[in-house]
Amino acid sequence: MPGSTGAALKQKQKLFVFISLTPIMIFFFMFFVYPVIYAIVISLHKWPLLAREKPFVGFKNYAWAFNDDVFWISLKNTIYYAVFFVSSVTILGLALAMFVNSFREPIKSINRMIFFLPVITSMVAVALMFVWLYQPMFGLLNYILGFIGLGPFKWIYSPQEVLPSIILMSVWKYVGYTMVLFLAGLTTIPHMYYEAARIDGAKSIRVFLNITLPLLVPTILFVLVTNTISAFQVFTQVFMMTRGGPGTASRVLVLHMYDTGFRYFEMGKASALAFILFSMILIITILQVRYFRESFEY
Amino acid sequence: MKITTGLVARKTIKWAVLFFLAIITLGPFFWMVSTSFKPSDESIAFPPTFLPEDPVGFKNYYTVLTDVPFFRFYYNSLVQAITATVGALFTSSLAGYIFAKFWFKGQNILFMFILSTLMVPLFVIIIPIFLMIRWMNLVDSLWALIIPGLASAFGIFLMRQFMKSIPFDFLDAGRIDGCGEFGIFARIIVPLSRPAFSALGIFHFMIQWDSFIWPLVVIENINKRTLPLGLALFTQQFGTQDYNLIMAAAVLAVLPVIVVFLFAQRSFIEGITLTGIKG
């Protein structure tokens, strides 16, 4: 039975609950329920921000989105970004966590701190730093890579290199975050498993595959799901570094939506784009969680 | 003999890898600071100089601080992030407490409803909220930045999880001593929930401090820009070649957070871990 006060709350407590909770619930209605419903309504109208006439158009905005080449390019770029960003940040984050974990305490903490530094640095500043590092003529990266015979690269100024460059920067910034999550996951693995494996003379690769990896499945699932959700919403990096260019080579869906809504003021079309992206994220998240449930049943 | 040399070799490689990774991680920061002390012509010299050969002292910083209302950006960011964080801490702890320690009809439905709002990404509701803020005449005001951050579904969840572990005896003791309901919350529950407060406080503050797309949409006036927005639009003011100035601005923007982080890194990382593992 929850609460020593029993099932029936005293009048005073009822009042306290009511007075405290009502404004908070109103907030969530105002900033989540109402906007979602409103966004659905907008997406069914031709809704130029500044015009008075906002005629109902049914699913025309959705049809427009799917018939627009730029939408498909943005979708392709978004998926490309998500796939490579999420896989790199997961694999490298795990590798980094295991590497850092193999050091003793003072060094372990210092490392953790160093690799976490990019995570707490503002994305806008990081983007500016990397625009400068990627500068094709005076940039530091081309200079350094020149010593080992690589490049010169055009980085964010070439349609082929722009997405890998943005992904590289994002991985640099966020790998410390997944590392910290994996480090926390690693501490939950009981030490005696490793001792038992050592007594049995198991090789380190087998220890990794048979102990570490299976016991990290909840962390891996968490890392994959949250990073996928945020990868599909990638915006700041692209906005800062390329605004989707050169051409449409790095245009992603949220940028496409932002431009449609806040540069061309087509709120109806932008809302339709938002719902298309939202449903994609939902479906992918459900699939990921299902896949993990079925294959690992933890 | 053979074993020890193998061990030494392995250790050396390990340290070399560590050194390499640290350079990759810290290199861009070093380069940012180094560039910010160079004069314009040296900043685009090729081959680049690792340390400024002809350092200009704080001249670039001075230019940035005087040509752009940078202190204004700091002020706006601080006001936004602190107000929203204090508000979110209050609402989250109050709601979390109620969901953890009271029972009333429809409680589960309300709690599930709050959790379900976590699934809604910002870009879905950004247009209606923008229209709402515009209708309230709050465009170009700090209120537009603060209000949407005053409550946090995740914060309520975190607080509820934490406060569930506080024994009911404490509440009863307060009631017997004649404490009012709000008094119990403020004098007993809040002090006992310190770790949850610091975790959520850091988490929410960082989200607010770094928020970009919402200020970009809702702020036009240069004097109302927050730090990320001011920094982003700063590049429009100067030619793209003035990397020494851009890097000085970037240093000014990231320095406060890094300093706070270096002093409080343990609670930072613990907070992020605590808030990160929510799944």
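Residues numbered from 1 in each chain as written. Chains lettered and ligands numbered in written order. Predicted model: local features only at pLDDT ≥ 70, side-chain atom pairs only at ≥ 80, totals over all residues. Heavy atoms only, no water.

Novice: Go over the overall build of chain A with me, naming the residues and quoting the values.
Specialist: Along its length, chain A carries 13 helices and zero strands. The order of α-helices and β-strands along chain A, N terminus first, is α-α-α-α-α-α-α-α-α-α-α-α-α. In terms of overall dimensions, chain A is more spread out than a globule: its C-alpha atoms have a radius of gyration of 25 Å, far above the 19 Å expected for 298 residues. Considering only C-alpha atoms, chain A reaches an extent of 75 × 75 × 35 Å along its principal axes. Every one of the 298 residues in chain A was classed for burial, and the buried ones make up 54%. Look at the contacts in chain A between residues 6 or more apart in sequence, and 68% of them connect residues 24 or more apart. Accessible area for chain A stands at about 14400 Å²; split by element, carbon and sulfur atoms hold 68% of it. Both charge centroids of chain A, one from 22 positive and one from 11 negative side chains, sit 8 Å from each other. (Helix = DSSP H or I, 4+ residues; strand = E, 2+ residues; numbered from the N terminus. Rg over C-alpha atoms; globule rule 2.2 N^0.38 Å. Buried < 20%, exposed > 50% of the residue type's maximum accessible area, 1.4 Å probe, protein only. Contact = heavy atoms within 4.5 Å. Areas by Shrake-Rupley, 256 points an atom, 1.4 Å probe, with all protein chains shown as cover. Lys, Arg positive; Asp, Glu negative; His and termini not counted. Charge placed at Lys NZ, Arg CZ, Asp CG, Glu CD.)

Novice: Account for the overall build of chain B, with residues named and values stated.
Specialist: Broken down by element type, chain B carries 15 helices and zero strands. By the compact-globule yardstick of 19 Å for 279 residues, chain B is too spread out, its C-alpha radius of gyration being 24 Å. Overall, chain B is about 75 × 75 × 35 Å in size when its C-alpha atoms are taken along their principal axes. The buried share of chain B, taken over its 279 residues, is 52%. Sequence separation of 24 or more characterises 72% of the internal contacts of chain B that already satisfy a separation of 6 or more. Working note: accessible area of chain B is about 13200 Å², and carbon and sulfur atoms make up 69% of it. Counting 19 positive and 14 negative side-chain charges, chain B places the centres of these two groups 13 Å from one another.

Novice: Describe the pattern of salt bridges, and please don't skip the residues or the numbers.
Specialist: Counted according to the given criterion, the structure contains four salt bridges over all chains. Taking the shortest distance from any N to any O, the salt bridge between E181 of chain B and R175 of chain B comes out at 2.9 Å. Within the structure, one salt-bridge network assembled from shared partners comprises R251, D259 and R263 of chain A. (Salt bridge = Lys/Arg side-chain N within 4 Å of Asp/Glu carboxyl O.)

Novice: Outline helix α12 (residues 253–262) of chain A, supporting the account with residue identities and numerical values.
Specialist: Within an α-helix, residues lying three or four positions from one another point in the same direction, as the helix has 3.6 residues per turn. Of all ten residues in α12 of chain A, ten are buried, a share of seventy percent or more. Of the positions making up α12 of chain A, those classed as buried are L253, V254, L255, H256, M257, Y258, D259, T260, G261 and F262 of chain A. On the buried face of α12 of chain A, the contacting elements are α2 (60–67), α3 (69–101), α11 (236–241) and α13 (267–296) of chain A together with α6 (122–135) and α12 (213–218) of chain B.

Novice: Provide a residue-level description of helix α10 (residues 181–192) of chain B, including the pertinent values.
Specialist: Taking 1.5 Å per residue, twelve residues should reach 16 Å; α10 of chain B reaches 16 Å between its end C-alpha atoms and fits that length. Listed as buried for α10 of chain B are E181, G183, I184, F185, I188 and I189 of chain B. The secondary structure elements touched by the buried residues of α10 of chain B are α1 (11–43) of chain A together with α4 (70–101), α8 (153–163) and α9 (168–176) of chain B. (Expected span 1.5 Å × (residues − 1).)

Novice: If you had to explain the interface of chain A and chain B to someone new, which residues and values would you point to?
Specialist: Taken together, the contacts link 88 residues of chain A with 92 residues of chain B. Overall, the association of chain A and chain B removes approximately 8200 Å² of surface from exposure, summing both partners, and the carbon and sulfur fraction of that is 84%. Summed over the three residues of chain A that lose the most area to chain B, namely F16, I120 and W132 of chain A, the buried surface amounts to 9% of that side. At the boundary of chain A and chain B, one finds zero salt bridges. One can count four residue pairs in polar contact (both at pLDDT 80 or more) joining chain A with chain B. A total of 21 residues in the side of chain A that touches chain B trace back to one element, the largest contributor, which is α1 of chain A. Taken together, the residues of the side of chain A that touches chain B break down into 70 nonpolar, 15 polar and three charged. (Buried area = accessible area lost by both parts, 1.4 Å probe. Polar contact = N/O pair within 3.5 Å; in protein donor to acceptor, adjacent residues only side chain to side chain. Nonpolar A, V, L, I, M, F, W, Y, C, P; charged D, E, K, R; others polar.)

Novice: Before we move on, can you summarise the environment of G245 of chain A with the specific residues and values?
Specialist: Residues and elements named next belong to chain A. Within the fold, G245 resides in the loop between α11 and α12. It is 39 Å that separates the C-alpha atoms of G245 and A184, two residues lying 61 residues apart in sequence. Ignoring anything within four residues of it in the chain, the contact list for G245 reads V162 and S250.

Novice: Lay out the confidence of the model for chain A with the relevant residues and their values.
Specialist: Of the residues in chain A, 96% reach a pLDDT of 70 or more, and the chain-wide mean stands at 91. Here residues 1–8 of chain A scores under 50 on pLDDT; set against residues more than four positions off or in separate chains, the count is nine contacts. (pLDDT = per-residue confidence, 0-100.)

Novice: Requested: an account of the side chain of Q208 of chain B, with residues and values cited.
Specialist: Residue and element names in this part refer to chain B. Mapped onto the fold, Q208 is located in helix α11 (residues 194–210). Within polar-contact distance, the side chain of Q208 engages the side chain of Q80 at 3.0 Å. If near-sequence neighbours (up to four positions away) are discounted, Q208 is found in contact with Q80, A81, A84, L145 and G149.

Novice: Any details on unusual backbone geometry? Residues and values, ideally.
Specialist: In the segment running from G245 of chain A into P246 of chain A, the intervening peptide bond is cis, with an omega of -5 degrees. As for its position among the elements, P246 of chain A is in the loop between α11 and α12. For N137 of chain B, which is not glycine, the phi torsion reads 65 degrees and is therefore positive. Since its relative accessible area comes to 69%, N137 of chain B is described here as exposed.

Novice: Pulling in residues and values, what's your account of the packing of α3 of chain A against helix α10 (residues 217–231) of chain A?
Specialist: Residue and element names in this part refer to chain A. For the pair α3 and α10, the least separation of the axes is 9 Å and the interaxial angle reads 150 degrees. For the pair α3 and α10, the crossing hand works out as right-handed. Between α3 and α10, the contacting residues are T78, Y81, A82, F85, V86, V89 and T90 on the first element and V223, L224, N227, T228 and A231 on the second. Considering only residue class, the contact of α3 with α10 consists of eight nonpolar, four polar and no charged. (Axes fitted to C-alpha atoms, helices over the stretch in contact; angles between N-to-C directions. Left-handed = near helix turned anticlockwise from the far one by under 90°.)

Novice: How would you sum up the nonpolar core? Please name residues and give values.
Specialist: Grouped together as the largest cluster of nonpolar side chains are 195 residues, with contacts concentrated most on F28 and M241 of chain A together with F70 of chain B. The element contributing the most residues to this core is helix α14 (residues 243–263) of chain B, with 14 residues. What M241 of chain A contacts, discounting residues up to four positions off in sequence, is A127, F130, V131, Y134, I156, I166 and M169 of chain A. (Core = buried A, V, L, I, M, F, W, Y, C linked by side-chain atoms within 4.5 Å.)

Novice: Give a detailed account of the packing of helix α5 (residues 107–116) of chain B against α8 of chain B, specifying residues and quantitative values.
Specialist: Residues and elements named next belong to chain B. Packing of α5 against α8 leaves a shortest axis separation of 8 Å and a crossing angle of 130 degrees. Overall, the two elements α5 and α8 adopt an arrangement that is oblique. For α5 against α8, the interelement crossing comes out left-handed. Two secondary-structure elements touch here, α5 through F111, I114 and L115 and α8 through A153, I156, F157 and R160. Split into classes, the residues belonging to the contact of α5 with α8 amount to six nonpolar, no polar and one charged. (Parallel < 35°, antiparallel > 145°, perpendicular 65-115°, else oblique.)

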